Amino acid sequence: MFTSDIIRSYQEQTLEWLRTPSSFDIQQIAQLRDILKFHEHRYYVEDNPLISDGEYDILYKLLEKTEEDHPELITSDSPTQRVAKGLTSVFTTVQHLVPMLSLENSYNAEDLRDWDRKARELTGLDTVEYCVEPKFDGASISLIYENDLLVRAATRGDGVEGEEITTNVKQIRSVPLSAPFSKFGIQQIEIRGEVLINKNNFAAYNAQLVAQNLAPLANPRNAASGSLRIKDPKEVGRRNLEAFLYHVSDVTLTGEMPAALQSHSASLELLWNMGFRSPVKQMKVFPGIDGVIDYCAGFEAGRDELPYEIDGMVIKVNRNDLQDKMGMTTHHPRWAMAYKFRARQGTSILRRVEFQVGRTGSITPVAKIDPVPIGGVTVGSISLFNEDVVREKDLHIGDTVLVERAGDVIPYIVKPLAELRTGKEEPIIFPTNCPVCGDALFKPEDEAVWRCINLNCEAQVVERMIHFVSKDAMDIRSLGESNIRKFYDLKLLHDIPGIYALDFEAIGKLEGFGPKSITNLQEAIEKSKQQPLHRIIFALGIRYVGETTAKVLARAVEHLLDFRNYSEEKLRELEDVGTKVAGSIHQFFSNQDNLHLLEQLEKAGLNLKNTQKGQVAGGSLSGQTFLFTGTLTRFKRSEAEELVEKNGGKLLSGVSSKLNYLVAGEEAGSKLEKAKKIPTVRVITEDEFLQLFG
Ligand code: IVH
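Model, not experiment: these values are computed from the prediction. Counting of residues starts from 1 at the beginning of each chain's written sequence and follows it residue by residue. pLDDT decides what is reported in this predicted model: residues at 70 or higher carry local features, side-chain atom pairs at 80 or more are listed and counted, and totals for whole chains, interfaces and linings draw on all residues regardless. Note: side-chain values were computed over all heavy atoms of the structure, leaving out hydrogens and water.

A. Quick peek at the packing of aromatic side chains. Here a Phe, Tyr or Trp ring, Trp counted by its six-membered ring, pairs with any other such ring whose centre lies within 6.5 Å, and the pair is stacked when the planes are under 30 degrees apart, edge-to-face when over 60, and tilted otherwise. Applying the stated criterion across every chain, the model contains 27 aromatic pairs. Aromatic pair Tyr 43 and Tyr 44: ring centres 4.7 Å apart, planes at 65°, arrangement edge-to-face. A ring pair is formed by Tyr 145 and Phe 276, whose centres lie 5.3 Å apart and whose planes are at 80°; its orientation type is edge-to-face. With Tyr 145 in strand S4 (residues 139-146) and Phe 276 in the loop between helix H9 (264-273) and strand S9 (284-286), the pair connects residues that are 131 residues apart, well separated along the chain. Residues Tyr 145 and Phe 276 agree in their burial class; the two are buried. What links up through ring pairs into an aromatic cluster is the set Phe 626, Phe 628, Phe 635, Tyr 661 and Phe 689. For a ring to carry a charge above it, either NZ of a lysine or CZ of an arginine must fall within 6 Å of the ring centroid while also lying within 35 degrees of the normal to the ring plane. Over the ring of Phe 244 we find Arg 277, and its NZ or CZ is 4.1 Å from the ring centre. Its guanidinium or amino end placed over the ring of Tyr 566, Lys 570 lies 4.3 Å from that ring's centre, counting from NZ or CZ. Runs of H or I in DSSP of at least four residues are treated as helices and runs of E of at least two as strands, each being numbered from the N terminus. Partly exposed describes any residue whose relative accessible area lies between the buried limit of under 20% and the exposed limit of over 50%, with all areas from a 1.4 Å probe on protein chains only and scaled to the type maximum.

B. Layout of the site of the ligand. Lining the immediate environment of the ligand, one finds 14 residues, of which Glu 133, Pro 134, Phe 136, Glu 194 and Lys 316 sit closest. Think of a polar contact as two N or O atoms within 3.5 Å of one another; within protein, one of them needs to be a possible hydrogen donor and the other a possible acceptor, and neighboring residues in sequence only count if both atoms come from side chains. One nitrogen or oxygen atom from the side chain of Ser 140 is found 3.2 Å from an oxygen atom belonging to the ligand. Between Lys 316 and the ligand, the recorded distance is 3.0 Å, taken from a side-chain N or O atom to a nitrogen atom. Burial of the ligand by the protein chains amounts to 89% of its free accessible area of 530 Å². Of all the secondary-structure elements, those providing two or more residues to the shell around the ligand are strand S3 (130-136), strand S8 (242-253) and strand S10 (310-317). Ranked by residue count, the leading element in the shell around the ligand is S3, at four residues. For this description, a residue counts as near a given molecule or strand if any of its non-hydrogen atoms is within 4 Å of it. For the accessible areas, the method is Shrake-Rupley and the probe is 1.4 Å, while residue cover comes only from the protein chains on display.

C. Examining the side chain of Asp 116 more closely. As for its position among the elements, Asp 116 is in helix H4 (residues 109-123). When its relative accessible area of 7% is taken as the criterion, Asp 116 is described as buried.

The quantities given are spatial measurements derived from coordinates; they are silent on function.
Below you can see the structure in the form of C-alpha cells.
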C-alpha cells in the first residue's frame with residue numbers, strides 16, 4: 001500500500017509540519033489527512049508507529065482546527081469523523097447482503113482428513129489447496145463499503161439480520177473509513193471480520209470493574225461483543241477494540257473479476273494492501289491437508305503467547321471457483337472448516353456457596369464445586385462476586401454448571417445447565433447477618449455488594465492485617481497470610497499494632513519456628529518501621545486509597561495525623577481525589593479508633609512524618625519521568641522507584657511520548673519495543689540509571 005518512496009515523503013512532510021506548524025497550507029488538507037491515515041495504519045494495523053502519540057495529536061489537532069475554520073472542506077472519511085457526538089438511541093435491524101453462516105467444527109487430525117477427503121470428492125481434484133488462519137475469539141461483524149466509503153457496519157445477529165453499529169465500529173482505528181476499491185473495479189463490497197479486545201486491555205478493564213466491586217467480564221469475547229452494543233460511542237472508543245477482517249462475502253463489480261479476488265489468500269492480501277488489518281501475517285497456504293494439521297497444532301501450542309484470544313483455526317479452500325463449486329448447507333459453507341482447540345470449559349456440580357468477608361467488610365459469595373480440571377488447572381472454588389451475579393445467572397445449589405477459564409483469566413461460572421435440573425436444586429440464600437461476627441449486613445444504595453460494617457469483625461481485622469504486611473504495603477514477607485491467621489487463632493496477635501509487639505518467645509515454642517525463622521521475622525518487622533509514609537497509608541487499607549492516591553496523600557502533609565483537620569472539600573483539592581475517595585478518607589480520620597491505631601503505630605517506631613516533603617521540588621531528577629521494565633538485578637524495583645521520587649522525578653505507568661527514561665532490565669518485552677519506536681524516550685540500563693545520581 002505504501003511504497004518506500006511514499007513512506008519517506010510522508011515522514012519528511014510529517015517532520016516539517018511538526019517542526020514548523022505554520023508552514024501548513026490549507027491547500028495541503030488532503031495530504032494532511034492522508035498522512036494522518038498513514039500514521040493510524042502504522043500504529044493500529046502494523047503495530048509499528050513512526051511517530052509518538054503526542055506528535056500524532058499535534059497533527060490531528062492541526063486537521064481539526066483547519067476543518068473547524070473551513071467546515072466546507074470536511075470529508076466523510078476524514079480521521080476526525082470517527083468521533084461521534086451524542087448517544088445512539090436504538091440499534092436498527094439491517095439485513096446482511098449474504099447470510100452470515102457459521103462454521104462446521106473439527107477437533108482432531110482425523111476430522112480434518114475426513115473433510116479433506118470430501119473436499120477432494122466435491123472438487124474432483126487429487127489435492128486441494130488450503131489457506132489456514134486463526135479463528136479469532138471475538139464478536140463477528142460485517143462491513144459494507146460503497147464507492148470506497150464505509151457505509152455500514154453490523155453485528156452478526158441471527159446470521160440473516162443484525163444490528164447496525166456503524167458509529168461504534170468507526171471508533172475502531174484499525175477499520176479504515178475509506179479504501180480504494182474502485183481501482184479494482186469494485187463498486188460495493190461486504191467484508192466479514194471479528195472485533196476483539198486484546199488480553200492486556202481486557203485485564204485492565206476487568207481490574208477497573210473489580211476495583212468497583214463489580215463482576216469482571218468472563219472473557220475477552222464477551223467484552224468485545226458487549227462493547228459493540230454500548231450506546232455511547234465515546235465509551236466504545238475508550239475500550240480499545242481491534243478488528244481482524246478475514247473474508248470477502250460479496251462484491252459488486254463494474255467489470256471483470258480482479259485476480260486479487262480469485263483466491264482467499266489473494267483477497268486477504270488485497271485487503272491488507274488497502275489498509276485493512278487482515279490476517280496476512282498469520283495465514284499460510286498449503287498444497288494439501290498434511291501441512292495444515294501441523295500448522296494448527298503449532299498455533300494451539302502457542303496460543304497463550306498471542307496478544308489476543310483465539311479458540312481454533314479456520315481452514316478454507318483457497319481457490320474461489322472451488323469454493324463456489326463446493327457450495328454451502330443452510331448452516332455452514334462446505335469449503336471452510338473450523339479446527340477447535342482443546343476446550344477451556346468444563347462442567348461440574350455446584351455443591352454450596354460460602355460467604356467470605358473481605359478487608360472492607362464486603363461479602364463475596366464463593367461457589368464450591370466438585371473439582372474439575374480445566375486447561376491444566378483444577379478448579380474447585382469460584383468467586384460469584386455479588387448477589388446480582390447469582391440472581392442474573394439463576395444459580396441453584398445442586399445445579400450442573402458450565403465453568404470457563406480462558407488463558408490467565410480467573411475461572412468463571414458461565415451458566416447453569418437448566419435442562420439437567422432434577423427439581424431437587426435449592427435456592428442460594430443470602431445471609432442477612434455477617435457469617436463471621438453476626439452483625440446485620442448493610443447494602444449501600446449505589447453498590448452491588450452487601451457489607452458488614454462492624455470494623456471489629458474478626459474477619460475484617462485479620463484481612464486488614466494481611467493487607468498491612470503484604471508486598472506492596474509494609475512488605476513484611478516472613479509474616480504472610482498463613483502466619484497472621486495462625487498467630488490470630490492462637491491469640492498471639494489481635495490487631496495491627498500487635499505486629500510490633502509480638503511475643504517471640506511464645507512463637508519460638510510453636511512447631512516450625514526455629515531460631516533462624518524467629519530472627520528473620522524480627523528483622524523483617526523491624527525493617528518495616530523504615531517504610532516511607534505512602535506505604536503506611538496504603539497499608540492502612542482505607543477504602544478507595546490505592547498506591548497512587550497514597551502517594552498523593554503522603555506528599556500533602558507534614559504528618560499523617562494532619563488529615564484530622566482536613567475537610568472533605570480540602571481533600572478534594574488534591575490530585576486524583578474525587579468525592580467518593582475524599583469521603584472515605586475523611587471518614588477514616590474522623591474515627592477515634594483509627595486515630596488511636598495511628599498513635600500506637602507511631603509509638604511502635606513507625607514514621608508518620610513526611611520526610612520527603614520539601615525534598616522533592618528541585619531534586620536532581622525534577623521534571624523527569626521514569627518507567628522500569630524487565631527484571632532488575634542491581635536493585636529492587638520499589639527501591640528504584642523510591643529513589644526516583646525522592647529526587648523529584650515522576651513515575652509513569654506506560655510508555656508514551658510523555659516518558660523521558662525507560663530503565664530496561666533483563667528480558668524487557670513489549671514496553672521496550674514500544675519505547676524504541678518513540679524517538680523522545682531514552683532507553684537506559686540499570687547502570688546508566690545509577691549514573692544519573694552521580
Ligand atoms: S470465516 C462463511 N474466518 O467463527 C465463512 N470465521 O464459529 C465466514 N471466526 O461466525 C467465517 N475467525 O465469527 C472465518 N478467520 C476466521 C474466523 C471466523 C473467527 C468466527 C466467525 C464465525 C465463527 C464460526
